[in-house]
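# Structure assessment
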Amino acid sequence: MRFRIHYNAFGTLLHCSVVLLLLSLMVACSSTRHVPQGQLLVDKVKINVTDSRDLHQADLINYLRQVPNHKVLWGVKLQLAFYDLSGKDSSNWFNRWIQRVGTPPVIYDHSLTLASESQLRTALVNKGYMNAQVSYDTVRHDSKKKIDVVYNVTLNKPHYVRSVSYNISNDTLRNLILADSSQFLIKPGSIFNRNELENERQMITARLQNQGYFAFNKEYITFTADTAAESNAVDLTMNTMPPYRSEKMKYYTTHRPFFIRNVTFITNYDPIALHDENTYFAPDTVNYKGYKILYDQHYLRPSVLDESCFIIPGEPYDASSVTKTYQALGRLGILRFINIDLRPVGEIDGKIWIDAFILLSKDKSQNVSLSLEGTNSEGDLGFGVGVGYQHRNIGHGSELFSAKYKTSYESLSGDVSGLINNKYTENTGEIGVTFPEFVAPFLHKSFKQKVLATTEFSTSFSYQERPEYTREIAGIGWKYHWSEHNNKTRHTIDLLDINYVYLPKSKANFLDSITNPLLRYSYENHFIMRMGYSFYHTNKNTASPLVSKYQTDIYAVRAAIETAGNLLYGISKALGQNKNDGAYDLFGIRYSQYVKLDADYSFTHAFNLRSSLACHVGAGLAVPYGNSSIMPFEKRFYAGGANSVRGWGVRTLGPGSYDGSNSVNSFINQCGDIRLDMSVEYRAKLFWVIEMGAFIDAGNIWTIRNYENQPGGVFKFDKFYEQIALAYGLGIRLNFNYFLVRFDLGMKAFNPASNQVRWPLTSPNWDRDATFHFSVGYPF
C-alpha cells in the first residue's frame, strides 16, 4: 500500500534513538545485575602481540574461547543492557522475550582462559611461529564484580621453508601435480604455515579430480618437515601415498584416471523408493546423442537434457563437469530434485570406467496468484485487483510462461464517490516467456554450454483513463541474462526494448495548456526503441569451507550503457524521409535518439563480524542527439531519496542550483542528464535483528544544456563542485537475513538551491531540513 509519511515519523525515530541512549547510560550501573554472587563479569579481553609486523589482535581474537559481551557505538554493551532490563522471574513472558532478544552476561570461567591460552599457542604453531610464547594475566575488580583478561603473546622468529622436494613415485601423477607448481602456496622462503599446507592439499586434489582422478582425495597427500636443532629452517617434502586397499575396488592399485562409460537420465526419480540402479525403471527409454533417457512422462525434450549435461561418455572424469551439470540443471524451473550418482564399474580394456546416473524429479508446472491492494495517493483513495498465471514448462523445455492482469481505480476527489464520477482507471496486462538458454539462430551446443544464459521475451499494454485524457502505453522486450564465476559476474543484454505511448483522445487544449516541455513530453505520442548492456561484478565470496566467516574487504562494480533511435535514424536517412519540425518520425510519431551511460562502485570494509564501513560513488551521463533535443523524461536522472542524497526526498534535489521549493510544480523539472552520487556509511549490529547506520551523502544532478524551465541546472566545470549537496543522518535497520527493512533520517547539511539556506548544518530546522525514508535493502 502506498502512503504518505508526515514529519511525526521523525519523532518516532528520535524516540527510538533516545531509548537506545538511555539503555547505553544504564549499562554502567546495571551490567552486573544478572551476575551471581561470588562470580565475575568478563569486562575486557585484550591480546598483546610483540615482535610482530604481520599478526595483530584481530587475527587472533577468534581463537579465544571466552570474550566479553559485544560492544557497539561508544563502547557500550547494548545487547547486555537490553538483557539486564529483564527481571529474574523466568515465568514472566516479558522477561523471557527480553532475555531472548538480548545476550546474557559472560561469566568468567578459568578453564576457558586456559583453553584460550592453549588455542592461541596451537594457532601460532600452525601459522609457523613454533617458538611462540603465550601467557595471561587477570585483573580483578571485586567491588564491581568484573574481571579483565590480558593475553601476552611473544612470537619470536617464525620457521620458514628452506627447500621443497617431492616424493611422487607415479611419474604421470608427478607431471600433473608439478605442471602448475608456480601456483603452489608453499615456496622456499615462505613462512612454514600449516594452514597453507592444508589449502595446497585441497588445491592439488581439485586439480587432479578435474583431470580424471575420480578416486583421489587429499588424504593421499602428506608432508614431511625436517628441522634441525637451533634452526628455524624447514626442509619440506610432499609425499603421495598409494591407494588404500578396498574390496569394492580391487583393480585400483595405483592412482589412475577414470573414464565415463554411460550417462543415464532418470526423469521419474523418487528419492524414497529408489536406491539401486537395478530398480531404475521407466516405461520409455530414449537414446539421444550417446545419452540414455528413462521417461515416465516426456516433460523435458532430450535436446534440453543434452545441452544441460557436461558429463560426456568416453571422456575422462572431470569434477568440474559434474558441478557445471548441477548448475545447468538447477536453472530448469520444472525440476524439483537433482542428484548425480557416480558409480565405478571396474576395469575394461585397460581403463577404469564410471557410470553416471542423473536423477531428476519433476516439480509442479502451473500456479495462479491473486492480489488486492489499497492506495492513498496524496489523499486520493483507490484500490487495485490483480491476477497472475505461471507455467514453468510451457514448451517441454522448462520455459516459463507468465501472464498478469491488473485493474486499478482511484478517486480524484478524495472520497469514495469519486470512484464513480471523477475517477482514474488503469488496466494493465503483461505476457512473457523466459527460456533457460541463449535463444538465437545458428548457435552451437558448445556456445550455449559456455554461456548459460536466460532469454526473456515480453510484451505489455496499459490503458489509462482520466477526465482529461485517455492514454495507451505498449511495450515489447527481448533480453538475455547470464552469470559467471559463481554468480560474481553478471551480464544483461537488452537486444530490443520498444516503448510506445499514444493518446487517442484528450480534452480540447489539454496539451496546449502544458507549457513545461518535460511534462508535455509525458503526454505526447512518443516512441523509444532502445538497446543496452549492463555489467555487474563483485568479489563477495559464496559459502565455502575455505572462506572465513566474513570478508574484510568487499567491492562491487556496476556499469550500463543504452542507446536508442540509431537504427531508425539510419533507415530514415537512407530512405530520404522528410523531417517534420526538424526531426524524423515513424508512423507520424517522433522517435527518441540518445545514449546513456551509468556506473557505480561500492566498497565495504569489515572491522569485525558486527561493524563495517561502506563507501559508494556513482556517476551517469545521458546525451540526446540526432532526432532528439531533450532526453525522454523517464530516462533522465534524479537525485534525492532513500538510495541517493538522503537529506532530500525523491526528485526534490537539483538540477544544479535549481530551486525546487514548490514540490508540486517543480517535481517534473527536477531531473537531469548528469548524475554524481557519493556516500560513506558506518554500519553496526546492535541487538536481535536491529542494526544502525550513520551516513554522509553528497551529490546532485545537472543538465547538459541550458533549459529555460530549469534555471541554474546546466553543468559547468568551474561551478559544479559548488553545487554538490551534502547530507548526514542516522538510520535503524531490521535485518531478517532474507531481507532488510531500512528507516533512515537524513538532514540537509549544504543546500545548493538558490534562494534557500545554504548551510542548514549551522542552524538545523526539522520541518525544512529533515527527510524520513523507508526502504528495503541497503542503499548500496
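Everything in this summary refers to the structure shown in the same document. (Residues numbered from 1 in each chain as written. Predicted model: local features only at pLDDT ≥ 70, side-chain atom pairs only at ≥ 80, totals over all residues. Heavy atoms only, no water.)

### Digging into the side chain of Asn-393
- Mapped onto the secondary structure, Asn-393 falls in the loop between strand S13 (380–391) and strand S14 (400–411).
- Using a relative accessible area of 5% as the deciding quantity, one classes Asn-393 as buried.
- Polar contacts involving the side chain of Asn-393 include one to the main-chain carbonyl oxygen of Tyr-299, which spans 2.6 Å.
- Within polar-contact distance, the side chain of Asn-393 engages the backbone nitrogen of Ser-398 at 2.7 Å.
- Beyond its immediate sequence surroundings of up to four residues, Asn-393 is in contact with Tyr-299, Leu-300, Ile-334, Ser-398 and Glu-399. (Helix = DSSP H or I, 4+ residues; strand = E, 2+ residues; numbered from the N terminus. Buried < 20%, exposed > 50% of the residue type's maximum accessible area, 1.4 Å probe, protein only. Polar contact = N/O pair within 3.5 Å; in protein donor to acceptor, adjacent residues only side chain to side chain. Contact = heavy atoms within 4.5 Å.)

### Side note on the environment of Lys-351
- Looking at the secondary structure, you find Lys-351 in strand S11 (residues 351–362).
- Remark: the alpha-carbon pair of Lys-351 and Phe-259, spanning 92 residues in sequence, is separated by 7.1 Å.
- Contacts of Lys-351, omitting those with residues within four sequence positions, involve Arg-256, Phe-259 and Gly-346.

### So, unusual backbone geometry
- Gly-654 connects to Pro-655 through a cis peptide bond whose omega is 0 degrees.
- Relative to the assigned elements, Pro-655 resides in the loop between strand S24 (611–624) and helix H13 (663–666).
- Backbone geometry places Lys-145, a non-glycine residue, at a positive phi of 60 degrees.
- Considering the arrangement of structural elements, one finds Lys-145 in the loop between strand S2 (133–141) and strand S3 (146–154).
- For Asn-486, which is not glycine, the phi dihedral falls at a positive 55 degrees.
- Relative to the helices and strands, Asn-486 is located in the loop between strand S17 (469–484) and strand S18 (489–506).

### Notes on the nonpolar core
- In terms of nonpolar packing, the biggest core is built from 32 residues, with Val-263 and Phe-265 touching the most fellow members.
- Put simply, the parts of the chain that give this core at least two residues each are strand S7 (258–266), strand S9 (291–295), helix H8 (302–307), helix H9 (319–330), strand S10 (335–348) and S11.
- Looking at this core, the element that brings in the most residues is S11, giving five residues.
- Setting aside its immediate chain neighbours within four residues, Val-263 contacts Tyr-291, Lys-292, Cys-309, Ile-311, Pro-313, Ala-356 and Ile-358.
- Counting 19 residues, the second-largest nonpolar core is a separate cluster that includes Leu-60, Leu-124, Ala-132 and Tyr-151. (Core = buried A, V, L, I, M, F, W, Y, C linked by side-chain atoms within 4.5 Å.)

None of this, on its own, says anything about what the molecule does.
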